[in-house]
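Chain residues, written in single-letter form:
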Amino acid sequence: MNDKSILNAAGQPPLLEVENLRQYFRISRRQTIKAVDGVTFRIYPNETYGLVGESGSGKSTIGRSVIRLYEPTAGSITFRGRDVSGRLSADDEKMLHTRMQMIFQDPMSSLNPRKKVVDIVAQGLDIHRSYASRAERSEKVFAMLEKVGLSRDHANRYPHQFSGGQRQRIGIARALIQNPDLIIADEAISALDVSIQAQIVNLMRAIQKETHTSYLFIAHDLSMVKYLSDRIGVLHLGHLVETGSKEEIFKNPLHPYTKSLISAIPHPNPIVEKKRSAAIYDVRASGIDYEKGSLRHVEGTHFLLAADDEFKRWTKGA
Amino acid sequence: MDDTILSIQNLAIEFQTSSGTVKAIRGVDLRLRRGETLAIVGESGSGKSVTVKAVMGILSGNGRVTSGSIEFRAAQGEAVEKLDLLNMPRKARRSAVNGKRIAMVFQDPMTSLNPVLSIGSQLTEGMRLHLKLSKMEARSRAIELLNLVGIPEPEKRIKNYPHQLSGGMRQRVVIAIALACGPDILICDEPTTALDVTIQARILELIQSLQRKMGLSVLYITHDLGVVAKVADTVAVMYAGKIVERGTVNDIFYDARHPYTWGLLSAMPDLETSGDELYTIPGTPPNMLGEIQGDAFAARNRFALNIDNRVEPPMFRVSDTHEAATWLLHENAPRLQMPPALRERIERMRKENNAS
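Residues numbered from 1 in each chain as written. Chains lettered and ligands numbered in written order. Predicted model: local features only at pLDDT ≥ 70, side-chain atom pairs only at ≥ 80, totals over all residues. Heavy atoms only, no water.

1. A look at the overall build of chain A
Across its full length, chain A carries twelve helices and twelve strands. On C-alpha atoms alone, chain A measures out to a radius of gyration of 21 Å, which is about the 20 Å that the 2.2 N^0.38 rule sets for 318 residues. Projected onto the principal axes, the alpha-carbon positions of chain A cover approximately 65 × 55 × 50 Å. Across the 318 residues that make up chain A, the buried fraction comes to 54%. A separation of at least 24 residues holds for 64% of the contacts in chain A among residues at least 6 apart in sequence. Of the side-chain charges in chain A, 44 are positive and 36 negative, and the distance between the mean point of each set is 3 Å. (Helix = DSSP H or I, 4+ residues; strand = E, 2+ residues; numbered from the N terminus. Rg over C-alpha atoms; globule rule 2.2 N^0.38 Å. Buried < 20%, exposed > 50% of the residue type's maximum accessible area, 1.4 Å probe, protein only. Contact = heavy atoms within 4.5 Å. Lys, Arg positive; Asp, Glu negative; His and termini not counted. Charge placed at Lys NZ, Arg CZ, Asp CG, Glu CD.)

2. A closer look at the sheet that holds strand β2 (residues 20–33) of chain B
Residue and element names in this part refer to chain B. Overall, antiparallel pairing links the four strands, which are arranged β2-β1-β4-β5 in an open sheet. The strands lining the two open edges of the sheet, one partner per strand, are β2 and β5 (79–84). Neighbouring strand axes in the sheet, compared pairwise and without regard to direction, differ in orientation by 15 degrees on average. In the sheet, strand β4 (residues 63–76) pairs with β5 via six bridges, with the strands oriented antiparallel. Looking across to β5, one finds that R73 is bridged to K82. This element, helix α1 (residues 48–56), spans β1 (4–17), β2 and β4 of the sheet and lies at about 110 degrees to β1. (Pairing = 2+ DSSP bridges. Axes fitted to C-alpha atoms, helices over the stretch in contact; angles between N-to-C directions.)

3. A few points about the packing of helix α7 (residues 167–179) of chain B against helix α8 (residues 197–214) of chain B
All names here are of chain B. Remark: α7 packs on α8, axes separated minimally by 10 Å, with the N-to-C direction vectors making an angle of 20 degrees. The angle between α7 and α8 falls in the class roughly parallel. In this structure, the crossing between α7 and α8 has a hand that is right-handed. In this structure, α7 contributes G168, Q171, R172, I175 and L179 to the contact, and α8 contributes I199, R202, I203, L206, I207, L210 and M214. For the contact of α7 with α8, the per-class residue count stands at eight nonpolar, two polar and two charged. (Parallel < 35°, antiparallel > 145°, perpendicular 65-115°, else oblique. Left-handed = near helix turned anticlockwise from the far one by under 90°. Nonpolar A, V, L, I, M, F, W, Y, C, P; charged D, E, K, R; others polar.)

4. Section: the layout of surface pockets
Considered as a void within the structure, the second largest pocket measures approximately 1,100 Å³ in volume. As for the second largest pocket, its lining consists of 36 residues, and the residues nearest its centre are R284(A), S166(B), M169(B), I199(B) and R202(B). Residue assignment for the lining of the second largest pocket shows that the elements contributing at least two residues are α9 (256–264) and α11 (283–286) of chain A together with α3 (109–112), α7 and α8 of chain B. The leading source of residues in the lining of the second largest pocket is α7(B), at five residues. When the residues that make up the lining of the second largest pocket are grouped by side-chain class, the tally is 16 nonpolar, eleven polar and nine charged. (1 Å grid on protein atoms, 1.4 Å probe; cavity = no way out; pocket = protein on both sides within 12 Å on 5 of 7 lines; lining within 4 Å. Points joined across faces, edges and corners; volume = space filled by probe spheres on them.)

5. Describing unusual backbone geometry
Residues and elements named next belong to chain A. Within the chain, R129 stands out as a residue other than glycine whose phi angle is a positive 45 degrees. With respect to the secondary-structure elements, R129 resides in the loop between α3 (117–128) and α4 (134–147). Under the relative-accessibility criterion, R129 is labelled exposed at 71%. Notably, L237 is not glycine yet its phi reads approximately 50 degrees, a positive angle. Position of L237 among the secondary structure elements: in the loop between β9 (231–236) and β10 (239–245).

6. Description of the sheet that holds strand β6 (residues 102–105) of chain B
All names here are of chain B. Strand order in the open sheet made by the eight strands is β6-β7-β8-β3-β9-β10-β12-β11, with mixed pairing throughout. The strands lining the two open edges of the sheet, one partner per strand, are β6 and β11 (316–317). Relative to strand β8 (residues 217–222), strand β3 (residues 37–41) is paired through five bridges, and the arrangement is parallel. The residue of β8 that forms the bridge with T37 is V218. Contacts between α7 and the sheet are confined to β6 and β7 (185–189), with β6 contributing the most and set at about 175 degrees to the helix.

7. What to know about the pattern of salt bridges
In this structure the tally under the stated criterion is 34 salt bridges over all chains. When the shortest N-O distance is used, the salt bridge between D289(A) and K292(A) registers 3.9 Å. Among the salt bridges present, the one from K156(B) reaches E153(B), with a minimum N-O distance of 2.9 Å. By relative accessible area, which is 56% here, K156(B) ends up exposed. Given a relative accessible area of 47%, E153(B) falls into the partly exposed group. Three or more residues joined by partner-sharing salt bridges are found here, namely E273(A), R276(A), E205(B) and K230(B). (Salt bridge = Lys/Arg side-chain N within 4 Å of Asp/Glu carboxyl O.)

Fair warning: the whole summary comes from geometry, so function is off the table for now.
This is the structure:
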């Protein structure tokens, strides 16, 4: 691949490059789980990359490997031009831990119940000693709380005094206070009610507009992913089976798994929905072997995991 | 002819908690017809689960029904037997109704199955008790049921334990258990929330096909309007322990009248939604401790009128099948339009319908 081809439309190099990432977990002497098996994707500045797939497909594992909660088994991860997949130098570690942040699914279990909101949000600042005085620390926290739609009165409360949506706002404030380039949102809205989901999604969008941060948005709700993401990667059994811009994926899904995923979303339109039935996809029955396939270019940013004959078959109709 | 199978009238339920009395249900009227699917939609805390728990008689210990009635009209051949579920002795209810005439499927199949019993023994338990089947009869019927819900190799699976099955398979087992005694009513409390979309679609289609085969009446609880569109015949929208709008599924999706329903419909993006901001319902659901003055939704309602803060709106009739509890339907209320994003979507859906 030449160097030009990895720039985005604005001529920017990717913020995050994940190349052939493998993450295995050894369960016992005989058994190893290949949670992520050779996944390649890029995220550009100021963009949202959505990862979708069923539970067990490895989408959360990818997020956790990228931010180095796990030790990747193989493959390379390049973040802001620096390799962060192997052993980290103190400098790289600091860069990774400040410039990349994470928002978790369950806002209750991801906030320490014994700490006040101000200390939860400021913890990153404390660790990296990024303030000169106590007053500056509080000011930074207050500003951040206001940015996520809470008020400074909330700073001295404990997490249990908040509703689910507010707790998720605290999680977002904690991530944002480091001024990150990339935020990994791991099912960040799945545990929330429909009306609250929309509030959080709007907040995430507003923040992106203001700070130009990128998101790795991990979710299983395809309609939310489509709404929020610029590009989408579809995962199945640890393999990235298809990736492309949201238009490419939704207007022209090629992989049978992507097709079944899209057809499974219920449309909020009763007359159409009553007549529709979802496409069923069974890997074993279809005889598709992900190991044999390789990621092939379809058009634009659209890639498809397929072997030679599969690629011909699936792209023929398009 | 009156084909009502379950009728809930003016039901009110309170919970005693350490911080005071929570009025979880504040006067709910519901009617389920024979063979029909009724969906109850609402956010968490709106009281939808509590309502069906009252039907099953499995309210938690601090819950108390303060008023209302739940009547179950069981068909006994030609005759119809009316059972007052709330005033039945607990024992009689458990032996004659629960599991036998009214069965329930819960949200999380891992917690609703017993991990130390094989699925075979969990499947046959109800049949042995309610239908007095012998061990062998019950076993062969259990195998039939597993077949019915689409579990391959039922003879082998019957010996498995819940942890040996995937989430979708477990939920199929739970459905099989619910159907074991041939119930009249199946209550599904968010049966697919814990499952993946692809599995969800298959479980929903399974419930639909079983409903047609066995003539079940289904009471569906969900917060996912996509699911409602797929399965429901009629819909009841719940907010803060009350039903705020009810109608046929088409009434609700194409002609919603309550601002809360507008909010729910618009807050969920469909695959065509684009644009900078999703429509949101501001704020959070009300605290149910103590009295609520006026319309419970008023504080979050962009279209709230003055009267909403003082007087609770009654149900206004829109058509024979459709009613909504909002002052906007009063003849003196200003004529308000639903949010433009929602109007556009409904237009789009109508076009889609004409095209298909």
